[in-house]
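Here's the letter readout for the chains.
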Amino acid sequence: MTTPALSESTPQAAPALFGTVLVANRGEIACRVIRTLRGLGIRSVAVYSDADAGARHVREADTAVRIGPAAAAESYLSIDAVIEACRRTGADAVHPGYGFLSENVEFARALEDAGITFIGPRVEALNVMGDKIRSKMHVAGYGVPVVPGVARPGMTDAELEEAAAAVGYPLLIKPSAGGGGKGMHAVATPEELPATLATARRVAASAFGDDTLFLERLVTTPRHIEVQVLADNYGNVIHLGERECSLQRRHQKVIEEAPSPLLAGLPNGAEVRARIGEAACNAARSVNYTGAGTVEFLVSDEAPDEFFFMEMNTRLQVEHPVTEMVTGMDLVEWQVRIAAGEELTVRQSDVELSGHAVEARVYAEVPENNFLPSTGTVLLLDELPGPRQRPGAPARNEVATARGRVRVDSSLVDGLQLSSNYDPMISKVIAWGADRTDALDTLDAALAGYTALGVHTNVEYLRLLINDDDVRAGRLDTGLIGRRMPELTFRRADAFEFAAAALCAAELEQQNIASGPEGPWQRQDGWRIGTPAPRRFSIGTPDGGVAAVAVSALEVPADAAGEEPVRASVQVDGGPVRRAALSLTSRAGFRLELDGEGRDYSLAPVFTGPRTQSWLDPQPDPSALFLGNEGWSCRLEILTREARLERVLAAVQREEGAADPAVRSPMPGTVVSVPVQDGDTVEAGQVLLSVEAMKMEHQLLAPLAGTVHLTTAAGALVKADQVVATIHPLEDTNTPNELDGEGAQA
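Small disclaimer: the values here were computed from a predicted structure and weren't measured.

*Asks:* Help me understand the nonpolar core, please; the structure alone is not making it clear to me.
*Replies:* What tends to happen in soluble globular proteins is that the nonpolar side chains get buried as a cluster. Core analysis: the biggest nonpolar cluster contains 41 residues, and I255, L412, V429, L443, L447, Y461 and L462 have the highest contact counts within it. Among the elements of the structure, β12 (252-258), β15 (356-363), β21 (404-410), β23 (425-433), α13 (436-448), α14 (459-466) and α16 (480-484) are those that each provide at least two residues to this core. Among residues more than four places away in sequence, those in contact with L443 are V358, A360, V429, A431 and I466. Grouped together as the second largest cluster of nonpolar side chains are 33 residues, V21, V23, I42 and L331 included.

Below is the structure:
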């Protein structure tokens with residue numbers, strides 16, 4: 001069995017489509033839309049903010065237009081800026097992608113007024129389905145089952161609190177204008193509700209410009225199953241099967257697959273698929289839907305025959321590739337054709353699901369550090385299995401493997417600098433196999449080979465998830481990741497990585513020595529009269545520690561690019577001396593063997609200053625190294641004496657239990673709330689302020705009790721590692737200061 005080709009279920013190219021289409025988005029979805037437009041012979045226009053001037057979608061489009069500064073509100077969310085870009089480029093139509101303006105009614109109206117086609121549904125559908133309260137009430141009238149709850153527009157916090165008792169606990173707070181899980185909060189008890197409502201309103205207002213909330217009963221052990229629909233302007237509506245999106249963290253999808261293992265495992269799975277598919281089609285018909293859309297349902301694992309409407313996404317979904325992989329249909333192409341007035345030629349009886357597909361979302365984040373978003377520069381990139389593409393070769397996004405196919409939809413290019421202005425999702429890895437096991441194994445192998453050094457990613461976390469026993473068995477629910485997180489063991493850098501960093505630094509250091517007269521003063525191999533001294537490297541570990549590596553008997557071959565390995569004896573942190581051999585395996589890869597045990601790595605050095613050529617300079621070159629191995633990566637610093645001393649002193653303070661009184665922002669972002677006043681007395685662990693970065697809100701806590709001194713305010717932009725508050729410890733009033741007459745403490 002082979003995965004269907006994307007052209008099998010799509011009509012032959014027709015001449016009467018659009019001449020120019022503007023893609024009103026960024027990142028991987030913009031690249032993905034541009035790819036289909038190129039295949040259709042349609043001129044593509046990219047738009048970009050100042051932060052995205054060098055982005056991949058800008059490079060891949062036929063032309064690109066700047067639409068504003070980095071802030072999304074002044075660029076990607078600016079209707080006027082996008083309309084003006086259409087006028088300047090002569091765009092006939094706009095593809096909105098997902099997010100940003102993709103479900104914005106006013107944007108669709110503005111395009112209609114300007115005589116520009118919106119590649120999406122009509123204003124009526126956007127208006128009804130764009131509001132979760134209105135959409136639930138609407139589809140219920142068409143026989144689509146909905147989750148019990150309270151959903152009246154304009155309800156105050158007090159009214160929601162009063163209605164919550166009738167809904168019952170646990171319950172879910174949802175933003176009416178929201179999507180993608182943002183602003184959704186689970187509440188277990190009445191005591192939690194007031195504070196959670198305040199947070200939910202603030203997030204909803206910031207993300208969607210509308211703080212309307214509603215409440216739903218929280219279904220226990222729920223599964224998130226959604227149905228892809230296609231509809232044209234002639235009344236034809238079909239569904240393309242379901243997707244399982246139950247693996248979520250904080251209501252954000254992480255792993256998606258098609259078809260659902262729940263339905264596939266039911267004796268009457270085909271009948272349930274037909275019922276849920278028909279319910280999705282009825283929801284689409286109720287608003288005269290056109291184009292591609294997704295109807296999301298909540299399904300109880302305990303009663304899989306029951307399903308409840310959650311919402312309809314009136315756009316392309318992030319996870320649409322898994323449907324494309326099992327149906328062979330290009331959804332973007334059908335969006336374009338339907339918007340251009342073509343009739344949907346595929347009938348429901350034509351839709352066949354072949355094999356199984358699984359998608360993993362790759363984020364620039366650090367899962368073991370509470371999923372803190374990561375910024376940086378992509379120093380080394382290799383996303384597809386197989387040989388790395390030659391520079392300048394035609395871009396690929398899909399390859400065949402031994403047990404299936406792998407597709408990567410990505411926003412990355414070598415040298416790209418990731419900022420904190422936008423969502424941290426950087427790519428998607430999608431695998432197809434003849435069955436679910438093959439698909440998961442193919443995805444695991446693809447993730448093991450995925451390389452994006454220079455930024456921290458969640459690839460190791462993704463591999464841990466898809467190899468979980470319950471995930472492999474198809475026992476999924478939306479709370480599974482939350483339960484598994486405390487049990488996940490993330491890999492730590494060890495002696496192998498420290499030795500690799502020291503040897504790489506030693507080799508690069510030796511290569512960069514300026515040529516000059518030979519003699520003992522120019523040598524850096526520890527030569528001295530008698531036994532040569534080992535070359536000592538201090539390696540800064542990711543947890544803030546220091547690993548000491550002694551390298552002796554270093555043998556660097558004359559031809560650094562040849563097959564002869566670099567040989568040396570290494571000793572890590574005073575442990576046993578081990579014989580090391582480091583061999584280049586590619587332009588940016590090497591194999592390290594320690595006493596015969598080997599590991600393969602990808603390598604990206606970090607240079608923070610000019611490449612020194614003087615042997616007198618005590619700082620090794622480079623200053624840091626990114627190492628990657630089987631989807632895992634780490635950054636190791638090559639420390640100067642000063643940097644080493646600073647880390648050692650910090651470690652001593654941690655050992656003594658001393659807390660750093662300075663509160664620093666973990667990354668660039670915007671201060672969105674400051675619940676304390678300058679000069680307030682605070683407790684250890686109390687929230688001092690919240691910083692929003694990459695569409696996520698991060699709470700910064702007081703490290704100790706004391707008086708807070710704030711150095712920023714709500715609305716301010718902060719840099720990574722910027723001190724935003726300082727805690728002055730309270731004086732210990734219990735310290736005895738008087739002695740009795742005999743010298744004892746009173």
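*Asks:* Whenever I open this one, the sheet that holds strand β6 (residues 149-150) confuses me. Can you help?
*Replies:* Pairing between sheet strands relies on hydrogen bonds along the backbone, with the strands arranged either parallel or antiparallel. If you trace the four strands from one edge of the open sheet to the other, you get β6-β9-β7-β8, paired in antiparallel fashion. In this open sheet, the two edge strands, each paired with only one partner strand, are β6 and β8 (185-187). Where strand β7 (residues 171-175) meets strand β9 (residues 213-217), five bridges bridge the pair, whose relative direction is antiparallel. Looking across to β9, one finds that P175 is bridged to L213. Lying on the sheet, helix α6 (residues 132-140) is in contact with β7 and β9; it crosses β9 at an angle near 50°. Packing against the sheet, helix α8 (residues 193-208) makes contact with β7, β8 and β9, and its axis sits at approximately 25° to β7.

*Asks:* Looking at this structure, how should I read the confidence of the model for the protein?
*Replies:* Parts of the prediction with low pLDDT should not have their coordinates interpreted in detail. Across the protein, the average pLDDT comes to 89, with 89% of residues at or above 70. Of the regions scoring below 50 in pLDDT, residues 612-620 engages in 14 contacts with residues more than four places distant in sequence or in other chains. Counting interchain partners and residues more than four positions distant, the pLDDT-below-50 stretch residues 735-746 has eight contacts.

*Asks:* Explanation requested: the pattern of salt bridges in the structure shown.
*Replies:* Side-chain pairs of opposite charge can arise whenever the charged atoms involved come near each other. A full pass over the atoms with the stated rule returns 49 salt bridges. Notably, a salt bridge pairs R436 with E257, separated by 2.7 Å at the nearest N-O pair. In this pair, R436 is assigned in helix α13 and E257 in strand β12, connecting sequence segments 179 residues apart. Note on E257: relative accessible area 3%, which makes it buried. A salt bridge links R484 to D470, with the shortest nitrogen-to-oxygen separation between them at 2.3 Å. Placement of R484 in helix α16 and of D470 in helix α15 (residues 469-473) is noted, with a sequence separation of 14 residues between them. For R484, a relative accessible area of 16% gives the class buried.

*Asks:* Can you help me understand empty space enclosed by the protein in this one?
*Replies:* For the coordinates displayed, the defined rule picks out seven cavities of 30 Å³ or more. Its boundaries defined by the atoms lining it, the largest cavity holds a volume of some 220 Å³. Surrounding the largest cavity, 18 residues form its lining, R26, D52, L416, L418 and S419 being those nearest its centre. Broken down by class, the residue content of the lining of the largest cavity amounts to nine nonpolar, five polar and four charged.

*Asks:* Just checking my understanding: could you explain the packing of α13 against α14 for this structure?
*Replies:* In a pair of packed helices, the angle between the axes and the distance between the axes together describe the arrangement. Where α13 contacts α14, the axes come no closer than 10 Å and their chain directions differ by 160°. Comparing the axis directions of α13 and α14 gives the class roughly antiparallel. The interaxial crossing formed by α13 with α14 has left-handed handedness. For the pair α13 and α14, the contacting residues are L440, L443, D444, L447 and A448 in the first and V459, L462, R463 and I466 in the second. In the contact of α13 with α14, the residues fall into seven nonpolar, no polar and two charged.

*Asks:* Can you help me understand the side chain of H356 in this one?
*Replies:* You can see H356 is positioned in strand β15. Judged by its relative accessible area of 6%, H356 falls in the buried class. There is a polar contact of 2.7 Å between the side chain of H356 and the side chain of E257. Beyond its immediate sequence surroundings of up to four residues, H356 is in contact with E257, A258, P259, V326, A431, W432, G433, A434, D435, R436 and A439.

*Asks:* Could you clarify how one ought to interpret the pairing of strand β32 (residues 632-638) in this entry?
*Replies:* Both faces of the sheet carry side chains from a regular strand, because those side chains alternate between them. Burial of β32 is one-sided: the residues W632, C634, L636 and I638 facing one way are buried, the residues S633, R635 and E637 facing the other way are not. Pairing of strand β25 (residues 535-540) with β32 involves two bridges; the strand directions are antiparallel. Residue pairing for β32: I539 is matched across the bridge by I638. Relative to β32, strand β31 (residues 624-629) runs antiparallel, the two being bridged by six bridges. Paired with G628 across the two strands is S633, which belongs to β32.

*Asks:* So what exactly am I meant to see when it comes to α8 here?
*Replies:* Residues lying three or four places apart along an α-helix face the same way, a consequence of the helix completing one turn every 3.6 residues. Along its 16 residues, α8 runs 21 Å from first to last C-alpha, staying within 8% of the 22 Å computed at 1.5 Å per residue. Among the residues of α8, L193, T196, L197, A200, R201, V203 and A204 are the ones counted as buried. In this structure, the buried side of α8 is in contact with α7 (157-167), β7, β8, β9 and β37 (696-701). In the stretch just after α8, G209 is the one whose phi turns positive, near 70°.

*Asks:* Is there a simple way to explain the sheet that holds strand β36 (residues 687-693) in this structure?
*Replies:* Across the sheet, which stays open at both edges, the four strands sit in the order β37-β36-β34-β39 with antiparallel pairing between neighbours. Because the sheet does not close on itself, it has two edges, and the strands there are β37 and β39 (717-718). For β36 and β37, the ladder comprises six bridges, and the chain directions are antiparallel. Looking at the pairing, S690 lines up with Q699 of β37.

*Asks:* Please clarify how α13 should be interpreted in this entry.
*Replies:* Compared with an ideal rise of 1.5 Å per residue, which puts 13 residues at 18 Å, α13 spans 18 Å between its outermost C-alpha atoms and is within 8% of the ideal. Among the residues of α13, R436, D438, A439, L440, T442, L443, D444, A446 and L447 are the ones counted as buried. Its side-chain oxygen 3.3 Å from the backbone nitrogen of T437, D435 forms the N-cap of α13.

What counts and what doesn't
- Residues numbered from 1 in each chain as written.
- Predicted model: local features only at pLDDT ≥ 70, side-chain atom pairs only at ≥ 80, totals over all residues.
- Heavy atoms only, no water.
- Core = buried A, V, L, I, M, F, W, Y, C linked by side-chain atoms within 4.5 Å.
- Buried < 20%, exposed > 50% of the residue type's maximum accessible area, 1.4 Å probe, protein only.
- Helix = DSSP H or I, 4+ residues; strand = E, 2+ residues; numbered from the N terminus.
- Contact = heavy atoms within 4.5 Å.
- Pairing = 2+ DSSP bridges.
- Axes fitted to C-alpha atoms, helices over the stretch in contact; angles between N-to-C directions.
- pLDDT = per-residue confidence, 0-100.
- Salt bridge = Lys/Arg side-chain N within 4 Å of Asp/Glu carboxyl O.
- 1 Å grid on protein atoms, 1.4 Å probe; cavity = no way out; pocket = protein on both sides within 12 Å on 5 of 7 lines; lining within 4 Å.
- Points joined across faces, edges and corners; volume = space filled by probe spheres on them.
- Nonpolar A, V, L, I, M, F, W, Y, C, P; charged D, E, K, R; others polar.
- Parallel < 35°, antiparallel > 145°, perpendicular 65-115°, else oblique.
- Left-handed = near helix turned anticlockwise from the far one by under 90°.
- Polar contact = N/O pair within 3.5 Å; in protein donor to acceptor, adjacent residues only side chain to side chain.
- Expected span 1.5 Å × (residues − 1).

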